[in-house]
Amino acid sequence: MSATSLERITIEPETPATSCVIWLHGLGDSGAGFAPIVPIFSLPENHGIRFIFPHAPEQAVTINQGYVMRSWYDIKSLDLHNRADMDGVLASEKKVQALIQEQIDSGIAAKNIVLAGFSQGGVLSLFTGLRFGQSLAGILALSCYLPTSDTLPELCHSANAATPILQNHGERDDVVPMSAGKMANTLLTAADYDVTWKSYAMDHSVLPDQLRDISAWLQARLLGHQIPI
């Protein structure tokens, strides 16, 4: 691992990995926060999916009185239109791009890689996935928004114009209002992205039923299994 690589938790399948899910955590969390979900997915034997849960760098976060915590970018304000520090978003995008490239270099094709994230990690997965220069298997954006608020990011790449995107959001989310996720969904839909929206009766969190739906979606993307969600 190079000095600039993201530290991470990696969960290898029992058989050689043929695909990969890179899952980005939310503000103040770490890769350890989501690593326990893998058994909940109840994946079939010999599934061949590697799961990577990277840790965001530690930095001061303005809305949290400048406390240092794991964060993909600084959050300057609760105002959606001025929430994300774009310099930080772009810096973390490069780190995630490098992590994807690591997997490609290890022999896993981009078309077999899903980029996933929750909250701040979902913001980064959506932003990075739309702009990535090779076709991914899917983009999973949970309880999040676009950092560019009411516009799509600049330089969205045609490689992922047809990539399946799954957006989930909590109907009672008081951290990232569902309207912010809906704004992103409206923009993606208007631009003809293959985006699916599903909301759940929850706060800023994930639910067991939701994880079962995500498992079905991942299996469709990476294993070719068609399981209704």
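If you look the protein up in an unreviewed UniProt entry, it shows as Putative carboxylesterase from Colwellia psychrerythraea. Annotation of the protein in UniProt includes, under Sequence similarities (unreviewed entry), the sentence "Belongs to the AB hydrolase superfamily. AB hydrolase 2 family."

### Digging into the pattern of salt bridges
Per the counting criterion, the structure on display carries six salt bridges. Here aspartate 203 and arginine 172 are joined by a salt bridge, their closest N and O atoms 3.5 Å apart. Of the two residues, aspartate 203 is situated in the loop between β9 (195-200) and α5 (208-222) and arginine 172 in the loop between β8 (165-170) and α4 (178-190); the sequence distance between them amounts to 31 residues. With relative accessibility at 39%, the residue aspartate 203 sits in the partly exposed group. Of the residues examined, arginine 172 reaches a relative accessible area of 48% and is grouped as partly exposed.

### Structural notes on the environment of proline 57
In this structure, proline 57 sits in the loop between β3 (49-54) and β4 (58-60). Proline 57 sits in the partly exposed class, given a relative accessible area of 25%. Sequence separation between proline 57 and tryptophan 197 is 140 residues; the distance between their C-alpha atoms is 30 Å. Each residue touching proline 57, except ones within four places of it in the same chain, is listed here: Leu6, Met69, Arg70, Ser71, Trp72 and Lys95.

### Re the pairing of β9
Pairing of β8 with β9, which is carried by six bridges, proceeds in the parallel orientation. Its bridge partner being in β9, histidine 169 is matched across the sheet by serine 199. In this region the chain leaves β8, passes through α4 and returns to the parallel neighbour β9; the handedness of that crossover is right-handed.

### Looking at the sheet that holds β8
Across a sheet, strands are paired by hydrogen bonds formed along the backbone, either parallel or antiparallel in direction. Reading across from one edge, β1-β3-β2-β6-β7-β8-β9 is the order of the seven strands in this open sheet, with mixed pairing throughout. Across the chains shown, the open sheet's two edge strands, defined by having one partner strand only, are β1 (8-11) and β9. Pairwise comparison of adjacent strand axes, ignoring direction, gives a mean angle of 15 degrees for this sheet. Contacts between α5 and the sheet are confined to β2 (19-24), β3, β6 (113-118), β7 (138-142), β8 and β9, with β7 contributing the most and set at about 165 degrees to the helix.

### A short note on the nonpolar core
Ranked by size, the top nonpolar core spans 41 residues in total, and within it Ile22, Tyr73, Ile100, Ile113, Leu126 and Ile165 carry the most contacts. Looking at this core, the elements that each hand over two or more residues are β2, α2 (86-105), β6, α3 (120-131), β7 and α4. In this structure isoleucine 22 touches Ile52, Pro54, Leu99, Ile100, Gln103, Ile113, Val114, Leu115 and Ala116, once residues within four positions along its chain are discounted. Grouped together as the second largest cluster of nonpolar side chains are 23 residues, Trp23, Val114, Phe118 and Leu222 included.

### A few points about α4
For α4, with 13 residues, the first-to-last C-alpha span of 18 Å sits near the 18 Å given by 1.5 Å per residue. Within α4 the residues assigned to the buried category are Ala180, Gly181, Ala184, Asn185, Leu187 and Leu188. Axial view of α4: buried residues confined to an arc of 165 degrees, hence all on one face. For α4, the exposed residues lying more than 90 degrees away from the buried face are Ser179, Thr186 and Ala190. On its buried side, α4 packs onto α3, β8 and β9. Residue aspartate 192 follows α4 closely and has a positive phi angle near 65 degrees.

### A short note on the packing of aromatic side chains
Counted according to the given criterion, the structure contains six aromatic pairs. Seen in terms of ring centroids, tryptophan 23 and phenylalanine 34 are 5.4 Å apart; in terms of plane orientation they differ by 35 degrees. Their pairing is tilted. Of this pair, tryptophan 23 sits in strand β2 while phenylalanine 34 sits in the loop between β2 and α1 (37-40), and the two are eleven residues apart along the sequence. Between the aromatic rings of phenylalanine 34 and phenylalanine 118, the centroid separation amounts to 5.5 Å while the plane-to-plane angle is 55 degrees, which identifies the pairing as tilted. Of the two residues, phenylalanine 34 sits in the loop between β2 and α1 while phenylalanine 118 sits in strand β6, which places them 84 residues apart along the sequence. Residue classification places phenylalanine 118 among the buried residues on the basis of a relative accessible area of 9%. Aromatic rings pair up to connect Trp23, Phe34, Phe41, Phe51, Phe53 and Phe118 into one cluster.

Criteria and cut-off values
- Residues numbered from 1 in each chain as written.
- Predicted model: local features only at pLDDT ≥ 70, side-chain atom pairs only at ≥ 80, totals over all residues.
- Heavy atoms only, no water.
- UniProt positions renumbered as here; feature names shortened; annotations may be inferred.
- Salt bridge = Lys/Arg side-chain N within 4 Å of Asp/Glu carboxyl O.
- Helix = DSSP H or I, 4+ residues; strand = E, 2+ residues; numbered from the N terminus.
- Buried < 20%, exposed > 50% of the residue type's maximum accessible area, 1.4 Å probe, protein only.
- Contact = heavy atoms within 4.5 Å.
- Pairing = 2+ DSSP bridges.
- Right-handed = clockwise from strand over helix to strand, strands pointing away.
- Axes fitted to C-alpha atoms, helices over the stretch in contact; angles between N-to-C directions.
- Core = buried A, V, L, I, M, F, W, Y, C linked by side-chain atoms within 4.5 Å.
- Expected span 1.5 Å × (residues − 1).
- Arc of directions from axis to C-beta.
- Phe/Tyr/Trp six-rings, centres within 6.5 Å; stacked < 30°, edge-to-face > 60°.

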